[in-house]
Amino acid sequence: MKTLATRSYPKLSPKEPKTNEQLYHSNRVIWDGSTIVEYHSLNERGLFFIMAFNQLLSEPWFVDLKNTTCYINSIKCFTNWLNNQQDVEVGILNEYQEYEINTLGRKPQSCYSHQIKTIIKRVSPRLELRNQYQFLKKVDQNARLDRGDGSTNSVHISEWFTKQQWLRQELGEDYLIFESPKRVHRSFRTLVSEALIYLIQARTAFNLSKGIKKAYFKASNNNLKSSRAIAYLYSDLLNIAKNELQDTSSPLFNVILCECVKGNRLKDILTKVESTPSYNFRDELKNINSGYPFLRPSLLLDSTSETEELLMYWLIVSLAVQPSDAANTRRNNLAIKRNELGRIKTLQIKYFKGRSDRFYETPMLTGKDVVLMATNMYLQTIPQDQKRLFNSRDINKNRKFSNPFYSGRTTENSNPIIHFMKLIWNDNFGKVIDKSKKKNIVFKALRCLSKAQLMDFQSYTSNMKKNGKQAQYDEYQMSVEFPLPQSFITPSHIKNTSVYSRSDKYRDGDLVNSNSHDPLTEKLRYMTDDNKEWINQSGRISRMVMAELENEVYNPILRRIKHLTSEMQLSTKIVKSNAGINSDNNKSTNLNHLEGELIVIESEDTAVQMLYFIEQAYKYQKSLIERNDIFFFETVLIKSEWMHYCIEKFSPKIVRSASEKLNKIRHVLPSLFLNQLNSGESA
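Cut-offs and rules
Residues numbered from 1 in each chain as written. Predicted model: local features only at pLDDT ≥ 70, side-chain atom pairs only at ≥ 80, totals over all residues. Heavy atoms only, no water. Salt bridge = Lys/Arg side-chain N within 4 Å of Asp/Glu carboxyl O. Helix = DSSP H or I, 4+ residues; strand = E, 2+ residues; numbered from the N terminus. Buried < 20%, exposed > 50% of the residue type's maximum accessible area, 1.4 Å probe, protein only. pLDDT = per-residue confidence, 0-100. Contact = heavy atoms within 4.5 Å. Pairing = 2+ DSSP bridges. Polar contact = N/O pair within 3.5 Å; in protein donor to acceptor, adjacent residues only side chain to side chain. Core = buried A, V, L, I, M, F, W, Y, C linked by side-chain atoms within 4.5 Å. Patch = residues over 30% accessible without salt bridge, like charges linked within 9 Å, V, L, I, M, F, W, Y side chains within 5 Å. Areas by Shrake-Rupley, 256 points an atom, 1.4 Å probe, with all protein chains shown as cover. Lys, Arg positive; Asp, Glu negative; His and termini not counted. Charge placed at Lys NZ, Arg CZ, Asp CG, Glu CD.

### Looking at the pattern of salt bridges
Point 1. This model, assessed by the stated rule, comprises 27 salt bridges.
Point 2. Arg265 serves as the salt-bridge partner of Asp268, at 3.5 Å between the closest nitrogen and oxygen. In this pair, Asp268 and Arg265 are both assigned in helix α14 (residues 263-275), three residues apart and thus about one turn of the helix distant.
Point 3. By relative accessible area, which is 36% here, Asp268 ends up partly exposed.
Point 4. Residues joined in a network through salt bridges with shared partners are Arg265, Asp268, Lys272 and Glu284.

### Examining the confidence of the model for the protein
Point 1. Within the protein, residue pLDDT values average 82, and 85% of them lie at 70 or more.
Point 2. Between the elements of the protein, mean pLDDT differs from a low of 48, seen in helix α1 (residues 20-24), to a high of 95, seen in helix α15 (residues 306-317).
Point 3. When the criterion is pLDDT under 50, residues 1-24 qualifies, and its contacts beyond four places in sequence or with other chains add up to 41 contacts.
Point 4. Below a pLDDT of 50 lies the segment residues 580-589, which in the model reaches 15 contacts outside its immediate sequence neighbourhood of four places, other chains included.

### Considering the pairing of strand β9 (residues 597-602)
Point 1. Counting buried residues in β9 gives six out of six residues, a clear majority hidden from the surface.
Point 2. Taking every second residue as pointing to the same face, both faces of β9 are buried, with Glu597, Ile599 and Ile601 on one and Leu598, Val600 and Glu602 on the other.
Point 3. The pairing of strand β7 (residues 572-576) with β9 spans five bridges and is parallel. Residue pairing across strands places Lys576 opposite Glu602, the latter belonging to β9.

### Here we look at the side chain of Glu602
Point 1. Assignment of secondary structure puts Glu602 in strand β9.
Point 2. Its relative accessible area of 6% is what places Glu602 among the buried residues.
Point 3. Only 2.8 Å separates the side chain of Glu602 from the backbone nitrogen of Ser651, close enough to count as a polar contact.
Point 4. Beyond its immediate chain neighbours, meaning those up to four positions away, Glu602 contacts Ile574, Val575, Lys576, Ser577, Lys649, Phe650, Ser651 and Ile654.

### Side note on the nonpolar core
Point 1. By size, the foremost hydrophobic cluster in this structure holds 112 residues, and its most contacted members are Phe161, Ile256, Trp314, Phe420, Leu446 and Phe488.
Point 2. Element by element, the count of residues in this core is highest for helix α10 (residues 181-208), at twelve residues.
Point 3. Residues within four places of Ile256 in sequence aside, it is in contact with Ile212, Tyr216, Leu237, Leu238, Ala241 and Leu300.
Point 4. Counting residues in each nonpolar core, the second largest holds 34 residues, with Phe48, Ile50, Leu93 and Ile120 among its members.

### Overview of a positive patch on the surface
Point 1. A grouping of Lys182, Arg186, Lys438 and Lys505 is seen on the molecular surface, where their side chains present a positively charged patch.
Point 2. On the secondary structure map, Lys182 appears in helix α10.

### Examining a nonpolar patch on the surface
Point 1. Residues Ile541, Val545, Met546, Leu549, Val553 and Tyr554 make up a contiguous nonpolar surface patch of about 570 Å² in total accessible area.
Point 2. Secondary-structure assignment places Leu549 in helix α26 (residues 540-571).

Have a look at this one:
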C-alpha cells in the first residue's frame, strides 16, 4: 500500500504532465516545476488539502487565469499555518479566518480563507480518494466565513446618510433614492465635479483681476495686531470684489464671500448684498468691538488649494480606485486621448494595484462626462512640471464633519470640509447643480445637514470642555434632537459606492415604495423561503437570453453610437449667421468643415432642417430598423442625437421661429429616407 507522505519526487518541468502519483500522494505543492510550499506535520488530514491544491494547479481553468498570484499566496499562507496545527477538523477554515482577522489584521473580505474554500469546492471526486473527498466536502459545508458585507461592516455613502434617520422626514420620497447605489454615486460625482469646476473658474477669473488679486493678498498676508483693522481689510476685499465684478452671481465673488464670511452670518449678509446694490461690507462692523463676522482668506493663495486637491482626490476614488493608491496618482497614470483639435476624447487611469498585485484600469471617461471636464481643468491648473496630482501627503485621511452654519458657533476654522459645505449651501452654486434637471440626492441631503439649528459634535465637545466634562459621541446622539455625523464621508464610502453602483439594477420606478415598512422588513418578512425559489426560477431562461442579447448585441451598438455622437459634438462649433462664415457652397445644410471643425450656422433655416430631419427619423424609425437597420443605427440615429445637441445650443427665439415656419411649410416638404426604405444606398 502506498504511503501518503513522501519527499522524494523529482522536479517537474513546466511542460511535463504530473501523474496521479505525484498529484495526489505528496506532501509538497508543485507549481510551474517548483515546490512552492511543503507540509511538515504528521496529521494525515492536512495532506488532503495538499491533494486539493495539487489538483487545482493542474486544472485548465486555473492554468488559463491571467493572474494566479492570489491563489498561490493563499496556498502558501494556509499551508504554513496548517503546519502548526495539531488537530485538523471540519471547522478548520473558520479557525483560519479567525486567525487572519485577529492576528494578521486582515479585513474579512480580504482573507485567504475564501480562496481556500473555492479550491476545496472545486475538488473533483475520485474513487481511489473517496475518504479525502468526503472530508473536504464536510470542510466546505461547515465553513461559515465572514465576507464583510453585513450591515455592520458595509461602508458606503447611502449608509453614511441613512444613519441620520431624521433625514427621511426632511427628504420625503427622495429618501428612497438612497436604496440605489448607482443614483447616489452619480449624484456624488456630479456634485464634486461641479464644485471643482466652480472653484477653478473662480481661480481663473481671480488671476485675470489685478485689483481683486492685490486686495486678496493684502488681506491674507497681513501682520496687523488690531483685530478691527484686520476686519476692515477683509471687508475692503469683499467691497472691491463686489464693485469690480458687478455680478454677485459670479463664481469668484461667491467663492471669496463663502471664504471670508463666517457661516452663521453668511445667509444674512448675502441677502443684504443681493437686495441692496449700494451695500457696503464695512457696515457689518458698526457698533461692535469683537466677534467680527469676517475670516482670513487663503483658498486662492497658491496655484491649487487643499480643497481643490480633495475634490479631485474624491473623483479619482469614485472611479473605484483604492484610496491609498489614489493618493499617489501621478500624471503618467492618466491615459489621455485627444482629437485633432487637442480636445480630450477619452481619459482613463491606469496604475499598479498593490493589494491584488496587478495593473488596474478604471472605466473610460468619454466626451462630455462632467468628471472628465473637471479632471481636464484640474490638470491645466496645477503646474505642468508637477508629477504628483496631490501635494498634500495626508489627502486620504478621514475628516471631521462640521456645520459652519450652526448659530451657536463662536469660532470657525478654515478647512476643505468647511469650504465645501459653504459652497453647497450657496444658492448661486445650487443653480449650477439644478441645470442637470435630475435630482441630486447628495446635494439635497448635505444642505439638510447644514441648518442653523443643528449642533455638530465638535461644537458639542467644546461646550462640554467648558464645563469640565469629556464628550462621547453616544451621549451627543442622545442629548440632541437631530444629531449630525461625527466624521465626513470617507474615501472608503466613496470607493465602495462606486463598486456597488456597477451591479445596481435599480430603475427610477423601482424606488417607489408604497409600503409603510422599510426595505429591511420587506427583505425579512416578504422574501421568505416559500417564494424565494419561485422568484429565482421564474423566467430564468428568458433572463439569461435577454442578458446575453444586451451584452453581446445592444451594448456594443450603444457604445459606438455614443462614441460617434460625442466625436461630432466635440468637433462642432456653432456660430451666428452674421459671423462671417461663408456658407454659399453648402446652403442645403448650412454646415461647413473648417480645419477639422464642423461649423453650424445658427439660423432659422438650419433649425428648420434639423427639426424636420428629427421628425422624419422618428416617423420612419420602425420601418428603417426592419428594412435598413445599418443605415438607421450608423447614420440616422447619430445625426438625430447630434442635431438635438445643436438645437439645445441655439437661442430659444430661433428655435421657436423655426418651429412656426416648419408648421407652415411641412405639407410641401418631401419625405426623407424613401430611398433607404427601398434598400437604396444613398444617404
